Amino acid sequence: MLRALEGEFVVYDGHGWLVKGFQHKPGWLVAYPRYDLVNRRKMERREIERLQSSHESWWDCLKLRLPLIPLDRVSKPFTGLNTPVLRLLSYLLDFDEEDMEVTGSYLVDPHDAGDVDIVLYGADESTVERLEALVSRGVLKRAGLWHSLREYYTKHVGRVDLDLYLALKARTLLHLSVNGVVVNLRPYRYRSGWHKCVDRVVKRASVRGVIELRDRATPILPARRRAFIGGEEVVFETHKELYAELPPGVYYVEGEIEYRESGVYIVADRGRVWAKGGYE
């Protein structure tokens, strides 16, 4: 089943693409190229940029040029993972295996992948409560320091400072060791996306400044929390696990501000977040 949701792995024109967001131009899918399926490898940055730019077009709903691939030519690989890891997580979280999908490098070459990325579609607060309980009881353990450092230097340099990153990983619910296998979880609140404009962006602008997050962190994506910037209350929204787990506190943010029909949103996903002051 094609969900048209964040993190979903789809196949188009011999490449593996990762779906972005939950709203898509009718007849198209917003997705980013990541894998060369013919040679079973992750593409290099220049290859990604070249392929991505060749598929970019303007979508007025989001006021962005985005890579769009034709919906009627997209297929899905087998995304289940018939291993004890997925079955164990399904049992422990009381989560339907049909709503758990493996994504990322494991689908391209499981022998070379250093970890397993799993998206949980239709996650809610009960999912978070179960994760918290399992980690606190030691049933599930957090991934080790070596894994966190490798992830930081290969993926997150420039997006967040190292001290803040390690503090986040010390309390994370999303990067876990399950029977010796490192699993990256992405709990997503929806079960399917929309092929229409759901929340139109009226105006978009770059933003940088100090922001205060007051609400408790939530790992359910897209994560939305009350925030204050320049004395104005806005919504801090992210599709990144990295920013979803930011504890309440004060941060320096470089990103975008989106004036949507539903409200004003600070989005740092294409920018960075730096620790500004203390956080809880």
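Residues numbered from 1 in each chain as written. Predicted model: local features only at pLDDT ≥ 70, side-chain atom pairs only at ≥ 80, totals over all residues. Heavy atoms only, no water.

Asks: Go over the overall build of the chain with me, naming the residues and quoting the values.
Replies: The secondary structure content of the chain amounts to 6 helices and 16 strands. The C-alpha atoms of the chain give a radius of gyration of 18 Å, which matches the 19 Å a tight globule of 280 residues would have. In terms of overall dimensions, the chain has C-alpha extents of about 50 × 50 × 35 Å along its principal axes. Counting contacts in the chain only where the partners sit at least 6 residues apart, residues at least 24 apart contribute 65% of the total. Looking at the chain as shown, the accessible area adds up to about 13,300 Å², and 49% of this sits on carbon and sulfur atoms. For the chain, the distance from the average site of its 42 positive side-chain charges to the average site of its 41 negative ones is 3 Å. (Helix = DSSP H or I, 4+ residues; strand = E, 2+ residues; numbered from the N terminus. Rg over C-alpha atoms; globule rule 2.2 N^0.38 Å. Contact = heavy atoms within 4.5 Å. Areas by Shrake-Rupley, 256 points an atom, 1.4 Å probe, with all protein chains shown as cover. Lys, Arg positive; Asp, Glu negative; His and termini not counted. Charge placed at Lys NZ, Arg CZ, Asp CG, Glu CD.)

Asks: Can you break down the nonpolar core residue by residue, with the values?
Replies: The nonpolar side chains of soluble globular proteins are, as a tendency, buried together. In this structure, Leu 89, Met 100, Ile 118, Leu 131, Leu 140, Val 183 and Leu 185 are the most contacted members of the largest nonpolar core, which totals 24 residues. Mapped onto this core, the elements with two or more residues apiece are helix H2 (84–93), strand S7 (100–103), strand S8 (116–121), helix H3 (125–136), strand S10 (175–178) and strand S11 (181–188). Counting 21 residues, the second-largest nonpolar core is a separate cluster that includes Val 207, Leu 242, Ile 257 and Ile 266. (Core = buried A, V, L, I, M, F, W, Y, C linked by side-chain atoms within 4.5 Å. Buried < 20%, exposed > 50% of the residue type's maximum accessible area, 1.4 Å probe, protein only.)

Asks: Which residues make up the pairing of strand S15 (residues 249–260), and what values do they have?
Replies: For S15, a buried count of 9 out of 12 residues is recorded, marking the element as mostly surrounded by other parts of the structure. In this sheet, S15 lies alongside strand S12 (residues 201–213) in antiparallel orientation, the contact comprising 12 bridges. What sits directly across from Ile 211, in S15, is Tyr 251. (Pairing = 2+ DSSP bridges.)

Asks: Before we move on, could you go through the pairing of strand S5 (residues 56–59) and cite the residues and values that matter?
Replies: With 4 bridges joining them, S5 and strand S6 (residues 64–70) adopt antiparallel strand pairing. Bridge assignment links Ser 57 to a residue of S6, and that residue is Leu 66. The turn linking S5 back onto S6 is made up of 4 residues, and Lys 63 within it adopts a positive phi angle of 55 degrees.

Asks: Lay out the packing of helix H4 (residues 145–156) against helix H5 (residues 162–169) in plain terms, naming residues and giving numbers.
Replies: Viewed as axis vectors pointing N to C, H4 and H5 meet at an angle of 135 degrees, and their least axial separation amounts to 11 Å. It follows from the interaxial angle that H4 and H5 lie oblique. At the point where H4 passes H5, the crossing takes the right-handed sense. Along the contact surface, H4 presents Leu 145, Ser 148, Leu 149, Glu 151, Tyr 152, Tyr 153 and His 156, while H5 presents Leu 162, Tyr 165, Leu 166 and Lys 169. A breakdown of the residues in the contact of H4 with H5 according to their chemical character gives 7 nonpolar, 2 polar and 2 charged. (Axes fitted to C-alpha atoms, helices over the stretch in contact; angles between N-to-C directions. Parallel < 35°, antiparallel > 145°, perpendicular 65-115°, else oblique. Left-handed = near helix turned anticlockwise from the far one by under 90°. Nonpolar A, V, L, I, M, F, W, Y, C, P; charged D, E, K, R; others polar.)

Asks: Give me the lowdown on the state of the cysteines, citing residues and values where you can.
Replies: Enumeration according to the criterion identifies 1 disulfide in this entry. Covalently, Cys 61 is tied to Cys 197 through a disulfide, its sulfur atoms 2.0 Å apart. Here the S-S torsion is close to 80 degrees, and the disulfide linking Cys 61 with Cys 197 is therefore right-handed. Remark: Cys 197 occurs in the loop between S11 and S12 and Cys 61 occurs in the loop between S5 and S6; sequence separation between them is 136 residues. Classification of Cys 61 as buried rests on a relative accessible area of 2%. Accessibility expressed as a relative area gives 28% for Cys 197, which makes it partly exposed. (Disulfide = S-S within 2.5 Å.)

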